[in-house]
Amino acid sequence: QVRLVESGGGLVQPGGSLRLSCATSGFTFSGHALSWYRQAPGKERESVAAITTAGDSTNYADSVKGRFTISRDNAKSTVYLQMNSLKPEDTAVYYCSMIWVLKRYWGQGTQVTVSS
């Protein structure tokens, strides 16, 4: 079955960096676009970044442009989110996601907390 497992979250000071990973299995990774979402306490889940199947096109939420970079390694069936210049407002649970046969799949999420 489809499986998405995020890792790499944690506590970081403002201005710091983290790299999230999402290891996947159960589907043809190279044939699917992948996305990162986040959900802060009391807020709706929002799209953060997305990447095409070949990794040749990406897009980002305005709030993270220039600070976050999404990438993928099709050989490892893994998608990444490099997060730099982190701000307290980036604090959230981060999820990777993909769509297959009209259904959106989610990982369990990884907590990112930006605080001094």
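Now for a quick tour of the structure.

Conventions we followed
- Residues numbered from 1 in each chain as written.
- Predicted model: local features only at pLDDT ≥ 70, side-chain atom pairs only at ≥ 80, totals over all residues.
- Heavy atoms only, no water.
- Helix = DSSP H or I, 4+ residues; strand = E, 2+ residues; numbered from the N terminus.
- Buried < 20%, exposed > 50% of the residue type's maximum accessible area, 1.4 Å probe, protein only.
- Contact = heavy atoms within 4.5 Å.
- Pairing = 2+ DSSP bridges.
- Axes fitted to C-alpha atoms, helices over the stretch in contact; angles between N-to-C directions.
- Disulfide = S-S within 2.5 Å.

## Notes on the side chain of Ser35
Item 1. Mapped onto the fold, Ser35 is located in strand 4 (residues 34-39).
Item 2. Residue Ser35 is classed as buried on the basis of its relative accessible area of 12%.
Item 3. Beyond its immediate stretch of four places on either side in the chain, Ser35 contacts Ala49, Ala50, Tyr95, Cys96 and Ser97.

## Digging into the environment of Met83
Item 1. With respect to the secondary-structure elements, Met83 resides in strand 8 (residues 78-83).
Item 2. Taking C-alpha positions, Met83 is 17 Å from Ser116, a pair spaced 33 residues apart along the chain.
Item 3. Beyond its immediate sequence surroundings of up to four residues, Met83 is in contact with Gly16, Ser17, Leu18, Leu20, Arg67, Phe68, Tyr94 and Val112.

## Focus on the sheet that holds strand 7 (residues 68-73)
Item 1. If you walk across this open sheet you meet the four strands as 1-3-8-7, and the pairing is antiparallel. Of all strands in the sheet, those with a lone pairing partner are strand 1 (3-7) and strand 7, marking the two edges. Neighbour-to-neighbour, the strand axes of this sheet turn through a mean angle of 15°, independent of strand direction.
Item 2. One ladder, built from six bridges, connects strand 7 with strand 8; its direction is antiparallel. What sits directly across from Arg72, in strand 8, is Val79.

## Some remarks on the state of the cysteines
Item 1. Taken as a whole and assessed by the stated rule, the structure comprises one disulfide.
Item 2. Disulfide pairing places Cys22 opposite Cys96 at an S-S distance of 1.9 Å. Its S-S torsion of about 40° marks the bond between Cys22 and Cys96 as right-handed, since a negative value means left-handed. One end of the pair, Cys22, is in strand 3 (residues 18-25); the other, Cys96, is in strand 9 (residues 92-100), with 74 residues separating them in the sequence. Pair check on accessibility: Cys22 and Cys96 agree, each one buried.

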